[in-house]
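Observations on chain architecture
The primary structure of each chain is shown beneath.
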Amino acid sequence: RGFWNCEEAGFSQNSIASLICAQKAGVWGSEFDVFLTADDQLVVNHDAVFQGLEIEASTYEQVRELRLKNGEQVPNIDEYLTQGKKCSTTMLIYEVKSHKLSDERQDLIADLSVQKVKEYKLGPDRVAFIAFSYRICKRIAEQMPGYTVQYLSSDKTPETVNADGVNGIDYHGGALKEHQEWVKEAKDLGMSVNVWTINKPEEMKFFYDLGIDQLTTDQPLIAREVLEQNGIKENKAKKIKIAE
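Here's a quick rundown of the structure. (Residues numbered from 1 in each chain as written. Predicted model: local features only at pLDDT ≥ 70, side-chain atom pairs only at ≥ 80, totals over all residues. Heavy atoms only, no water.)

Another point: the overall build of the protein. Helix and strand counts for the protein stand at ten helices and eleven strands. The buried share of the protein, taken over its 244 residues, is 57%. Counted over contacts in the protein with a minimum sequence separation of 6, partners at least 24 positions apart contribute 57%. Just so you have it, the protein exposes about 10,400 Å², and 47% of that area is on carbon and sulfur atoms. A distance of 5 Å separates the average location of the 29 positive side-chain charges in the protein from that of its 39 negative side-chain charges. (Helix = DSSP H or I, 4+ residues; strand = E, 2+ residues; numbered from the N terminus. Buried < 20%, exposed > 50% of the residue type's maximum accessible area, 1.4 Å probe, protein only. Contact = heavy atoms within 4.5 Å. Areas by Shrake-Rupley, 256 points an atom, 1.4 Å probe, with all protein chains shown as cover. Lys, Arg positive; Asp, Glu negative; His and termini not counted. Charge placed at Lys NZ, Arg CZ, Asp CG, Glu CD.)

Let us look at the environment of Phe11. When you line up the elements, Phe11 lands in the segment before α1 (16-25). C-alpha of Phe11 to C-alpha of Ile77: the two residues are 66 residues apart in sequence and 20 Å apart in space. Filtering out sequence-adjacent residues up to four positions away, Phe11 remains in contact with Trp4, Asn5, Cys6 and Lys69.

Under the criterion given, the structure shown has 16 salt bridges. Between Arg139 and Asp111 there is a salt bridge, with the nearest N and O atoms lying 2.8 Å from each other. Note that Arg139 is positioned in helix α5 (residues 134-143) and Asp111 in helix α4 (residues 103-119), a separation of 28 residues in sequence. Judged by its relative accessible area of 18%, Asp111 is buried. Salt bridges linked by common partners bring Asp103, Asp107, Asp111, Arg135 and Arg139 together as one network. (Salt bridge = Lys/Arg side-chain N within 4 Å of Asp/Glu carboxyl O.)

On to α5, then. All of the buried residues along α5 are Tyr134, Ile136, Cys137, Ile140 and Ala141. Buried residues of α5, seen end-on, are gathered within an arc of 160° and therefore sit on one face of the element. Tucked inside the fold, the buried residues of α5 contact β5 (91-96), α4, β6 (127-131), β7 (149-151) and α6 (158-163). If you check the start of α5, you find a side-chain oxygen 3.3 Å away from the backbone N of Arg135, and it comes from Ser133. (Arc of directions from axis to C-beta. Polar contact = N/O pair within 3.5 Å; in protein donor to acceptor, adjacent residues only side chain to side chain.)

Let us now look at the pairing of β6. Counting buried positions over the five residues of β6 gives five, a clear majority of the element. Residues of β6 alternate between two faces, with Val127, Phe129 and Ala131 on one and Ala128 and Ile130 on the opposite face, all of them buried. In terms of handedness, the path from β5 via α4 over to β6 forms a crossover that is right-handed. As paired strands, β6 and β7 are joined by three bridges and run parallel to one another. Following the sheet pairing, Ala131 is matched in β7 by Tyr151. This β-α-β element, β6 to α5 to β7, shows right-handed connectivity. (Right-handed = clockwise from strand over helix to strand, strands pointing away. Pairing = 2+ DSSP bridges.)

A word on the packing of aromatic side chains. Each aromatic ring pair is summarised here by two numbers: the centre-to-centre distance and the angle between the ring planes. If you walk through the whole model with that rule in mind, you get nine aromatic pairs. Ring centres 4.5 Å apart and planes at 25° place the aromatic pair Phe32 and Tyr80 in the stacked group. Of this pair, Phe32 sits in strand β1 (residues 29-36) while Tyr80 sits in helix α3 (residues 77-85), and the two are 48 residues apart along the sequence. Given a relative accessible area of 0%, Phe32 falls into the buried group. Grouped by ring-pair contacts, the aromatic residues Phe32, Tyr80, Tyr94, Phe129 and Tyr147 constitute a single cluster. In this structure, Lys156 is placed above the aromatic ring of Tyr134, and the distance from its NZ or CZ to the ring centre is 4.6 Å. The ring of Phe206 has Lys177 sitting right over it, with the charged end atom 5.3 Å from the ring centre. (Phe/Tyr/Trp six-rings, centres within 6.5 Å; stacked < 30°, edge-to-face > 60°. Lys NZ or Arg CZ within 6 Å of the ring centre and 35° of its normal.)

Set out below in structure tokens:
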């Protein structure tokens, strides 16, 4: 949700300010969450219901009337990608939300998301996609060869995910602790492996040692310290991603 838990961002998740703070911090990637409004517009927010308004059942105008803690409007996708494009060193981790969407509307949010990334000419070195919806993951992977697409729901083996054309997993820490063999299985298949959301130093070290590629956290500076303490260079061996 960006580097939101700092004063400069006004402690506002998914704000433009939180993205700027992530870019200034020099982390490998900054995650953001995208919903489809009832009138087919893409907006950036984490919660399906925000300040009493269900985003998927509301119009773009209604959502844009809402304000984050720091006074910003709920960002639209154009505002977010415009700022994201300004910094070539921080990946944009694009989470496609599908809280109550029908199959048809899941296809629509996937297609609109692909169109926007192409419109802003953001290549696979600038954007990766994640989603809890397996349907969305498969649809984006079909349209965006070469891009990282990671499945979030933790309920399928890497072999199954890979066989369906999705090249990454982004699983909850509890799931990867229970199925530690999935990390090696995924790596052997050439897949990328992320774990979410890890905020304690001892947990960070456990997953670094397990062999994950990226780690999602609300505490990127602590994660960086853990990397340094273990002699690992960020952006080469392990990557910090802010935050689920």
